[in-house]
Amino acid sequence: MRMNEACLKMLLDPTLWLWATAFTVVSIGGGALIGWYKGRMTVGIIWAAVLGPLGWIIVAFFKSNLAACPECSKGNRPGARTCRHCAVDLEQATARSARSRLRGAKNDSR
Ligand SMILES: [Zn+2]
């Protein structure tokens with residue numbers, strides 16, 4: 001009985017809850033940051049909320065969801081209109097590189 005009271009007292013200690021809350025907030029923040037970098041922020045938040053810093057490692061190993069820029073081949077958010085690295089128009093650049101790929105394939109078959 002005394003053991004249970006001690007247990008209960010410890011569980012109701014506000015400092016424990018403060019630390020647990022701070023730990024969770026920091027974990028989710030880190031997961032969101034790593035997920036954002038990979039273009040998968042929601043997934044990062046969920047994994048970090050469930051597993052804490054272990055979730056960071058899992059999210060860090062996820063494949064990036066970012067589309068590669070045809071000009072500089074760096075990652076951009078899906079649906080982005082201009083590259084955030086070299087500021088090229090992504091729609092035009094994609095069409096241009098598709099045309100040059102087609103031309104290249106035609107030249108190869110000749
Ligand atoms: Zn670019």
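Our structure is the block above this text.
Residues numbered from 1 in each chain as written. Predicted model: local features only at pLDDT ≥ 70, side-chain atom pairs only at ≥ 80, totals over all residues. Heavy atoms only, no water.

Concerning the packing of helix α2 (residues 14–38) against helix α4 (residues 53–60)
Moving on, step 1. Relative orientation of the contacting elements α2 and α4 amounts to 5 degrees, with a least axis distance of 9 Å. Classified by the interaxial angle, the pair formed by α2 and α4 is roughly parallel. Contact residues: α2 offers F23, V26, S27, G30, G31, I34, G35 and K38, while α4 offers P53, W56, V59 and A60.
Moving on, step 2. Class assignment for the residues of the contact of α2 with α4 results in seven nonpolar, four polar and one charged. (Axes fitted to C-alpha atoms, helices over the stretch in contact; angles between N-to-C directions. Helix = DSSP H or I, 4+ residues; strand = E, 2+ residues; numbered from the N terminus. Parallel < 35°, antiparallel > 145°, perpendicular 65-115°, else oblique. Contact = heavy atoms within 4.5 Å. Nonpolar A, V, L, I, M, F, W, Y, C, P; charged D, E, K, R; others polar.)

A few points about the coordination of the zinc ion
Any two of four tetrahedral donors ideally make an angle of 109.5 degrees at the metal, while pairs among six octahedral donors ideally make 90 or 180 degrees.
Moving on, step 1. Only C69 (SG), C72 (SG), C83 (SG) and C86 (SG) from the protein reach the zinc ion as donors, at distances of 2.2 to 2.3 Å.
Moving on, step 2. In this structure, the zinc ion is coordinated by four donor atoms arranged in tetrahedral fashion, with angles at the metal of 105 to 113 degrees.
Moving on, step 3. Read N to C, the donor residues that coordinate the zinc ion are spaced as C-x2-C-x10-C-x2-C. Of this pair, C72 sits in the loop between β1 (67–68) and β2 (75–76) while C83 sits in the loop between β2 and α5 (90–109), and the two are eleven residues apart along the sequence.
Moving on, step 4. Using a relative accessible area of 3% as the deciding quantity, one classes C83 as buried. (Donors = N, O, S within 2.8 Å, 3.2 Å for Na, K, Ca; no water. Tetrahedral: all angles 85-135°; square planar, octahedral: opposite > 155°, others 65-115°. Buried < 20%, exposed > 50% of the residue type's maximum accessible area, 1.4 Å probe, protein only.)

Describing the side chain of S27
Moving on, step 1. When you line up the elements, S27 lands in helix α2.
Moving on, step 2. When neighbours within four sequence positions are excluded, S27 is seen to be in contact with A48, G52, P53 and W56.

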